[in-house]
Amino acid sequence: MARPLSSARFRAAALTLPLLAFVGVTFIAPLGSMLVRSFYEPHVADALPRTLAALRAWDGSSVPSEDTFRILATELRPLDQQRKLGGVATRVNRLEGGMRSTIMDTARALRGAEPDSWREAVIAADPAWGEEAAWLAVRRAGERYTIRHYLNALDLDRDPSGNIVAQSPERRIYVPLLLRTLGVSLAITVICLILGYPVAYLIANASPAKSNLLLLLVLVPFWTSLLVRTTSWIVLLQNQGVVNDLLVAAGVIGDDGRLALVYNMVGTLVAMTQVLLPFMILPLYAVMRSISPMYLRAASSLGATFLQGFVRVYWPQSLPGVAAGSLLVFILSIGYYITPALVGGRTGQLISNMIAYHMQESLNWGLAAALGVILLLAVMSLYLVYNRLVGIERMRLS
Amino acid sequence: MMRNRGDRKVPARNQGTIRLALLVAAFGIWNTGCSSEGITVVSWGGSYEAAARKALFEPFSAETGITVHVESYNGGLAQIRAQVETGNVHWDVVDLEFADAVKGCDEGLLEVIDIDELPPAPDGTPARDDYFAGTYSDCGGGAVYYSTAYAYNRDSFTGERPSTIQDFFDLAKFPGRRGMRRVPFVNLEMALMADGVPTEEVYAVLSTPEGVDRAFRKLDTIKAEVVWWEAGAQPPQMLADQEVVMSTAYNGRIFNAQVLEGQPFTIVWDGQVLDYGQAAIVAGTPRLEAAKQFLMFASRVESIAAIGRYIAYSPTRRSGMSLISTHAETGVDMRPHMPSAPENLTRALRNDAVWWTNHAEELTERFSAWLAR
């Protein structure tokens, strides 16, 4: 008896293997590589191993020895020939603005050179090598394991003696943006709840024909491409758009007083609310449909007004749906990228847009990864708080 | 929730249609992916691209029989980088801002072109001596001078009109919205010039943290009134619609709006930032030979000068300067419209592309944060 059972079990387990492999390849591996990238940066360390070894022995308070200059020059040469120096120079430049052309120019000037004094030749190629700052930048860029992306992502920096200090207010970028992202997500969640709750109530309590029609009205936009919906909002909200035209025609505003409704925070809020609203309505509807109308009838037969019945009987029963919808909308909006990128303009950008900038434009993947990890941690800690307050076991999707 | 809609299958008849549609779509993708007879040249859209079509692409196709597919972009290396890194290069030649040409070359994103391979001047002077100093990178060819200056619509001003770079930043004297490109380049330099920094000290000041703060403080004074543009074709449009009273713009775009469309625009050359572009070949293109042929064609003095017969961009080769003549379609004398005309150079800054390769990342980050505040 035991053998067929265990082989059946094994077969059942084997059926989940494709899914496990899928999750591993598409979720765990990229997440893991992102985590690693945020603190592991081997590029410079691999490119200039001997220079870095020499610099580790260096005291940092005076210009390094002739030997270090010679090692640097010999290590730059093959990188220059293979056109691999650009990536090294970019990384050092992030720690000390100007090092990019210092390194590139030095390599160019030293092509084919065999000087007596490497020190003089290198400093002649670029005088920056005569200062400690350049060498310190190379040494720091060569740290294989580093927390500098996290410092950067939290608007912190190191002063020359290595202490962690806060950036000056006008240089703070990421913490204000993260706070704004959280605030916007919260606002969108609240708006979605206020708009979605009555709709879900209506769908759950209407006659089947009406409720099917209403549900379709929720689902058709839900099935429509995100890009189509977002660009439709541009058509509606822009300066010469439908909404402004109607307001002008109705005499609410003058032709020169057209409202700025898109390419700002208003555009982001409106478009994201519309895009995410089904994620609030559908869980709410699923929970509300299971609330028997008998309860409200019982409440009113016991003398409760509709409001009393709603507050004391219906609302508590719909809470699992509220919890599920809110969590879904909040978490989705925290990582939202395409809608703010299209309608957010200058002031409606969120942290995900900055992550995309570092992924695609600056190619500072370490910083992008650190920002992603911080965002992930923020979501996870909010989730824990939420679980404490609401209780995840009370959440129901249907 | 889908219970009452049921789980309907797609009817067999429709499945056939869908399959056919997929096949057609797949063929379409395959077809565009394999159209290798010809090269793809990426330019900047609008009137500059139109000029390049007439001055470069059409004569090149006529001479060599190689078709030129034209695509547009708004600058930057991101798309080139993506193509090179995924090994799926479908852009062959790209018209780049000089800083991007230098950076892309250093990072191996562009094919190296020896300056001595480029065609010599008509009198035999080698290209190395014919190009103005610092206007070629290790990877580029072609190239024209252009300028970012600000322009205004004369219809927007009844009384006094702006005439200096200070006026652009003076909301009290000239109220109204301003257009600026949504990048830190040029804007920071203009802010410092308007704040009284002499042109020759702009980059030295900008190299200090205090200088950067100072430039951003100056930009702060007009930030609320700025409309940000991205494509070069936008500023003439915004000026024509009087959406802004003045806007920074590429001078050639304004010139074309003035001359071809008769728009009442005036360029204020005071505080202009001169820059030059370069055409370069994307590394690893499968159409290297044709791309090289195009680059050599585009680097001829006659080709560079021909662009200047359609748009007010002047040659970066000495021997091209004497070839500046009239507009090919209207006969307008091009000399006074060129950014390099002596009367336009009273306060002009030459964009320091190498400085920007060092500071672009840091300042773009700071600029985005500043924009979002």
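**Focus on the overall build of chain A**
Consideration 1: Counting its secondary structure elements, chain A contains 19 helices and two strands.
Consideration 2: Here the C-alpha atoms of chain A give a radius of gyration of 30 Å, more than 25% beyond the 21 Å that 2.2 N^0.38 yields for 398 residues.
Consideration 3: Once the C-alpha set of chain A is aligned to its principal axes, its extents read approximately 100 × 85 × 35 Å.
Consideration 4: Out of the 398 residues in chain A, the part that is buried amounts to 34%.

**So, the overall build of chain B**
Consideration 1: Within chain B, the regular secondary structure consists of 14 helices and 11 strands.
Consideration 2: For 373 residues, the compact-globule estimate of 2.2 N^0.38 gives 21 Å, and chain B sits close to it at 23 Å.
Consideration 3: Along the first, second and third principal axes, the C-alpha set of chain B runs to 75 × 70 × 45 Å.
Consideration 4: Here chain B holds 373 residues, and 47% of them are scored as buried.
Consideration 5: For chain B, the proportion of contacts with a sequence separation of at least 24, taken over those separated by at least 6, is 74%.

**Considerations on the environment of Leu76 of chain A**
Consideration 1: By the secondary structure assignment, Leu76 of chain A is in helix α4 (residues 66-81).
Consideration 2: Ignoring any residue separated from it by four or fewer positions in sequence, one finds Leu76 of chain A in contact with Leu85, Thr106, Ala107 and Leu110 of chain A.

**Some remarks on the interface of chain A and chain B**
Consideration 1: Contact with chain A, which involves 30 residues of that partner, is made by 22 residues of chain B.
Consideration 2: If you list the elements that add at least two residues to the side of chain A that touches chain B, you get α5 (85-95), α6 (99-109), α11 (208-223), α14 (265-289) and α18 (351-360) of chain A.
Consideration 3: A total of six residues in the side of chain A that touches chain B trace back to one element, the largest contributor, which is α5 of chain A.
Consideration 4: Partitioning the side of chain A that touches chain B into residue classes produces 12 nonpolar, 11 polar and seven charged.

**Observations concerning the domain arrangement of chain B**
Residue and element names in this part refer to chain B.
Consideration 1: The assigned domain composition of chain B is domain 1 (39-145 + 277-323) and domain 2 (148-273 + 349-372).
Consideration 2: Distance between the C-alpha centres of domain 1 and domain 2: 27 Å.
Consideration 3: Tallying the contact residues gives 13 residues for domain 1 and 14 residues for domain 2.
Consideration 4: Those elements that place two or more of their residues in the side of domain 1 that touches domain 2 are α2 (46-64) and α4 (98-106).
Consideration 5: The biggest single contributor to the side of domain 1 that touches domain 2 is α4, with four residues.
Consideration 6: Of the residues in the side of domain 1 that touches domain 2, the class split is eight nonpolar, four polar and one charged.

**Quick notes on the nonpolar core**
Consideration 1: Core analysis: the largest hydrophobic core is formed by 102 residues, its most contacted members being Val93, Ala151, Phe294 and Ile307 of chain B.
Consideration 2: Counting residues per element, this core draws most heavily on strand β9 (residues 265-281) of chain B, which supplies nine residues.
Consideration 3: Structurally, this core is a two-domain feature, drawing no fewer than three residues from each of domain 1 (39-145 + 277-323) and domain 2 (148-273 + 349-372) of chain B.
Consideration 4: What Val93 of chain B contacts, discounting residues up to four positions off in sequence, is Ile39, Val41, Ala279, Ile281, Ala291, Phe294 and Leu295 of chain B.
Consideration 5: Ranked by size, the runner-up nonpolar core spans 53 residues in total, among them Leu215, Phe279, Leu284 and Leu367 of chain A.

**Considerations on the domain arrangement of chain A**
How big an interface is tends to be reported as the loss of accessible area on association of its parts.
Consideration 1: Segmentation of chain A into domains returns domain 1 (43-142) and domain 2 (174-394).
Consideration 2: The straight-line distance from the C-alpha centre of domain 1 of chain A to that of domain 2 of chain A is 52 Å.

**Focus on the environment of Thr146 of chain A**
Consideration 1: Here Thr146 of chain A lies in the loop between α8 (132-141) and α9 (148-153).
Consideration 2: The contacts of Thr146 of chain A, once residues within four sequence positions are left out, are Phe39 and Glu41 of chain A.

**Some remarks on the confidence of the model for chain B**
Residues and elements named next belong to chain B.
Consideration 1: In the predicted model, chain B carries a mean pLDDT of 86, and 90% of its residues have values of at least 70.
Consideration 2: For chain B, the element scoring lowest by mean pLDDT is helix α1 (residues 12-33), at 47; helix α7 (residues 187-194) scores highest, at 96.
Consideration 3: Reported for the predicted complex are a pTM of 0.79 and an ipTM of 0.73.

**A word on α14 of chain A**
Given 3.6 residues per turn, any residue in an α-helix points the same way as the ones three and four places further on.
Residues and elements named next belong to chain A.
Consideration 1: When the terminal C-alpha atoms of α14 are compared, their 35 Å separation across 25 residues agrees well with the 36 Å that a helix rising 1.5 Å per residue should span.
Consideration 2: Taken as a whole, α14 carries its principal kink of about 40° at Leu276; the proline Pro278 stands between one and four residues after it.
Consideration 3: Counting buried positions over the 25 residues of α14 gives 19, a clear majority of the element.

**Let's talk about α18 of chain A**
Consideration 1: Residues of α18 of chain A that are buried: Ile351, Ser352, Met354, Ile355 and His358 of chain A. Buried residues of α18 of chain A, seen end-on, are gathered within an arc of 160° and therefore sit on one face of the element.
Consideration 2: Where α18 of chain A is buried, its residues contact α10 (174-205) and α19 (365-389) of chain A together with α14 (353-372) of chain B.

**Here we look at unusual backbone geometry**
Residues and elements named next belong to chain A.
Consideration 1: Phi at Asp155 takes a positive value of approximately 60°, unusual for a residue other than glycine.
Consideration 2: Looking at where Asp155 falls in the secondary structure, it is placed in the loop between α9 and β1 (156-158).
Consideration 3: Its 19 C-beta neighbours within 10 Å are what place Asp155 among the partly exposed residues.

**So, the pairing of strand β2 (residues 68-72) of chain B**
Residue and element names in this part refer to chain B.
Consideration 1: Pairing of strand β1 (residues 39-43) with β2 involves five bridges; the strand directions are parallel. Directly across from Thr40, in β2, lies its bridge partner His69.
Consideration 2: Each parallel crossover has a hand, and the one from β1 via α2 to β2 is right-handed.

Conventions adopted
Residues numbered from 1 in each chain as written. Chains lettered and ligands numbered in written order. Predicted model: local features only at pLDDT ≥ 70, side-chain atom pairs only at ≥ 80, totals over all residues. Helix = DSSP H or I, 4+ residues; strand = E, 2+ residues; numbered from the N terminus. Rg over C-alpha atoms; globule rule 2.2 N^0.38 Å. Buried ≥ 20, exposed ≤ 12 C-beta atoms within 10 Å, placed from the backbone. Contact = placed C-beta atoms within 7 Å. Nonpolar A, V, L, I, M, F, W, Y, C, P; charged D, E, K, R; others polar. Domains from an automatic or database assignment. Core = buried A, V, L, I, M, F, W, Y, C linked by C-beta atoms within 7 Å. pLDDT = per-residue confidence, 0-100. Expected span 1.5 Å × (residues − 1). Bend = angle between axes of the 7 residues up to and from the residue. Arc of directions from axis to C-beta. Pairing = 2+ DSSP bridges. Right-handed = clockwise from strand over helix to strand, strands pointing away.

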